[in-house]
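Close look at the chain arrangement
Listed below, chain by chain, are the residues.
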Protein chains: 2
Amino acid sequence: MRVSAKAEYACRAVLELTRYHEKAEVIHIGDIAVRQSIPEKYLVQILLQLQRAGLVKSKRGATGGYALARAPGEISLGDVIRAMDGALIAVESLSDDTNVSDQMSGQHVLKNVWMDVQDRLGEIMDGITFDEISRQAQKSLSMYYI
Amino acid sequence: MRVSAKAEYACRAVLELTRYHEKAEVIHIGDIAVRQSIPEKYLVQILLQLQRAGLVKSKRGATGGYALARAPGEISLGDVIRAMDGALIAVESLSDDTNVSDQMSGQHVLKNVWMDVQDRLGEIMDGITFDEISRQAQKSLSMYYI
DNA sequence: TATCATGTTGACTAAATTAGTAAACTAACG
DNA sequence: CGTTAGTTTACTAATTTAGTCAACATGATA
Ligand code: FES
Ligand code: FES
């Protein structure tokens, strides 16, 4: 079960936006790209996808940029993964249509297993918000200042 | 987070072997391949990998074949996924070496998040054994006999 | 011991997906 | 207007996944 670079980039971008959420300002793609070491041209696609999912909002034109569409405490890891991949778990059998012919094979029962795992993974991932992640980041950073 | 075809094939193969576990017999690759619709030549690799992970054992030569190395109740979904992918969650940052330069970026803190998610996903997946999965399969099949 | 049916191994190829790039377009601000 | 920054779509390159092949090793059996 691998997490794509795209999904991790998306998380890092949201994390960066979280830091700027207090000041109600927008931040440029370029700044996010530099600060989080994400290829800028790739980040363009990612931010648009986040925007379509309603996690991020944009302001166009000069003085434009991006900002979170809602509070970091209301954006979860699960939200971001789903925004990128469509679902938390992508597996062949889950996208297939149900058919009776494979009742005998393991396909049907495994499908139920994956759905179960996906639900429970959702509980985990929806419980992790960027508010918390950001605070953890602050905490681990502060160790270096002691 | 996608589950590879290989991993699902592996689960189906183990499920098939589970059915034959009572009778202490081996079953040929070809039979598993046919019954579970898995490309036989591909299944060869998968079974060897399962074997190296200690989940499956083989008997060579004529009358050879495969069997589970331990009881289905002692083989979990997590075991099989780990046997195929090495870890439950594969993400760039988890395989990278730790370095201090990215403390400021989101990489370090996200790494911890992924490890957390992996642990919790492990608890879920290690709790699902092929014994249970197989019983579920029997149950859903029996509905068709009523 | 010959032979045949099986598992073992590693190298190979093809297909699909992912990651990344480019360029033309649109909107906003000054 | 002109400049800055987001939008959209199409394209390419790199990587990974899926699948194949052929030569080899092993064990039962006649
Ligand atoms: S009947 Fe085939 S997946 Fe449910
Ligand atoms: S310091 Fe870079 S991932 Fe932990």
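Residues numbered from 1 in each chain as written. Chains lettered and ligands numbered in written order. Predicted model: local features only at pLDDT ≥ 70, side-chain atom pairs only at ≥ 80, totals over all residues. Heavy atoms only, no water.

Further remarks concern the environment of Pro39 of chain A. Examined against the element boundaries, Pro39 of chain A turns out to sit in the loop between helix 2 (29-36) and helix 3 (40-52). Through-space distance from the C-alpha of Pro39 of chain A to that of Tyr9 of chain A is 9.3 Å; in sequence the pair is 30 residues apart. (Helix = DSSP H or I, 4+ residues; strand = E, 2+ residues; numbered from the N terminus.)

Time to look at the environment of Ile46 of chain B. Residues and elements named next belong to chain B. For Ile46, the location among the structural elements is in helix 3 (residues 40-52). Residue classification places Ile46 among the buried residues on the basis of a relative accessible area of 0%. With 90 residues separating them along the chain, Ile46 and Gln136 place their C-alpha atoms 24 Å apart. Aside from chain neighbours lying at most four places away, what touches Ile46 is Lys6, Tyr9, Ala10 and Met84. (Buried < 20%, exposed > 50% of the residue type's maximum accessible area, 1.4 Å probe, protein only. Contact = heavy atoms within 4.5 Å.)

The subject of this paragraph is the side chain of Glu8 of chain A. Note on placement: Glu8 of chain A falls in helix 1 (residues 5-19). Given the relative accessible area of 4%, Glu8 of chain A is considered buried. Excluding anything up to four places from it in sequence, Glu8 of chain A contacts Val3 of chain A together with Val91, Glu92, Ser93, Leu110 and Trp114 of chain B.

Counting residues in hydrophobic clusters, the biggest one holds 88 residues, and the most contacted among them are Leu50 of chain A together with Leu50 of chain B. In this structure Leu50 of chain A touches Ala10, Val14, Leu55, Val56, Val80, Ala83 and Met84 of chain A, once residues within four positions along its chain are discounted. (Core = buried A, V, L, I, M, F, W, Y, C linked by side-chain atoms within 4.5 Å.)

With that out of the way, let us pick up the protein's contact with DNA strand D. The environment of DNA strand D is formed by 30 residues, the closest being Leu48, Ser58 and Tyr66 of chain A together with Ala5 and Gln45 of chain B. Taking the atoms of DNA strand D that fall within 4 Å of the protein, sugar and phosphate contribute 73% of them. With respect to DNA strand D, the backbone of Ala5 of chain B contributes an N or O atom lying 2.7 Å from a phosphate oxygen. One of the side-chain N or O atoms of Tyr9 of chain B is found 3.2 Å from a phosphate oxygen in DNA strand D. Put simply, the parts of the chain that give the surface near DNA strand D at least two residues each are helix 3, strand 2 (56-59) and strand 3 (65-68) of chain A together with helix 1 (5-19) and helix 3 of chain B. No other element matches the five residues that helix 3 of chain A contributes to the surface near DNA strand D. Along the lines of polarity and charge, the residues of the surface near DNA strand D split into ten nonpolar, eleven polar and nine charged. (Near = heavy atom within 4 Å. Polar contact = N/O pair within 3.5 Å; in protein donor to acceptor, adjacent residues only side chain to side chain. Nonpolar A, V, L, I, M, F, W, Y, C, P; charged D, E, K, R; others polar.)

Taken together, the contact pairs 42 residues of chain B with 43 residues of chain A. Of all residues in chain B, the largest losses of buried area upon contact with chain A belong to Met1, Val3 and Glu8 of chain B, amounting jointly to 18% of the total for that side. Applying the counting rule to chain B against chain A returns zero salt bridges. Joining chain B to chain A, the criterion identifies eight residue pairs in polar contact (both at pLDDT 80 or more). Elements represented by at least two residues in the side of chain B that touches chain A include exactly strand 1 (2-3), helix 1, helix 2 (29-36), helix 4 (77-85), strand 4 (90-91), helix 5 (92-95), helix 6 (107-125) and helix 7 (130-142) of chain B. Counted by class, the side of chain B that touches chain A contains 24 nonpolar, nine polar and nine charged residues. Pairing between strand 1 (residues 2-3) of chain A and strand 4 of chain B: two bridges, direction parallel. Each residue of the ladder has a partner; that of Arg2 of chain A, found in strand 4 of chain B, is Ala90 of chain B. (Buried area = accessible area lost by both parts, 1.4 Å probe. Salt bridge = Lys/Arg side-chain N within 4 Å of Asp/Glu carboxyl O. Pairing = 2+ DSSP bridges.)

As a further point, take the packing of helix 1 of chain B against helix 2 of chain B. Residue and element names in this part refer to chain B. Their axes nearest at 10 Å, the elements helix 1 and helix 2 cross at an angle of 110 degrees. When the axes of helix 1 and helix 2 are compared, the pair comes out roughly perpendicular. Considering only the axes of helix 1 and helix 2, their crossing is right-handed. On helix 2, the residues that touch Arg12, Ala13, Glu16, Leu17 and Arg19 of helix 1 are Ile32, Arg35 and Gln36. Its residues assigned to classes, the contact of helix 1 with helix 2 shows three nonpolar, one polar and four charged. (Axes fitted to C-alpha atoms, helices over the stretch in contact; angles between N-to-C directions. Parallel < 35°, antiparallel > 145°, perpendicular 65-115°, else oblique. Left-handed = near helix turned anticlockwise from the far one by under 90°.)

What follows covers unusual backbone geometry. Residues and elements named next belong to chain A. Located in the positive-phi region is Thr63, a residue other than glycine, with phi close to 65 degrees. Residue position: Thr63 is located in the loop between strand 2 and strand 3. Given the relative accessible area of 56%, Thr63 is considered exposed.

What follows covers the pattern of salt bridges. The full count for this structure, using the stated rule, is 14 salt bridges over all chains. The salt bridge partner of Glu16 of chain B is Arg35 of chain B, with a shortest N-O separation of 2.5 Å. In this pair, Glu16 of chain B is assigned in helix 1 and Arg35 of chain B in helix 2, connecting sequence segments 19 residues apart. The exposure class assigned to Glu16 of chain B is buried, which follows from its relative accessible area of 0%. On the basis of relative accessibility, which here comes to 40%, the residue Arg35 of chain B falls in the partly exposed class. What emerges from the salt-bridge pattern is a single network uniting Glu16, Arg19 and Arg35 of chain A.

Interpretation note: all reported values are geometric properties and have no functional meaning in isolation.
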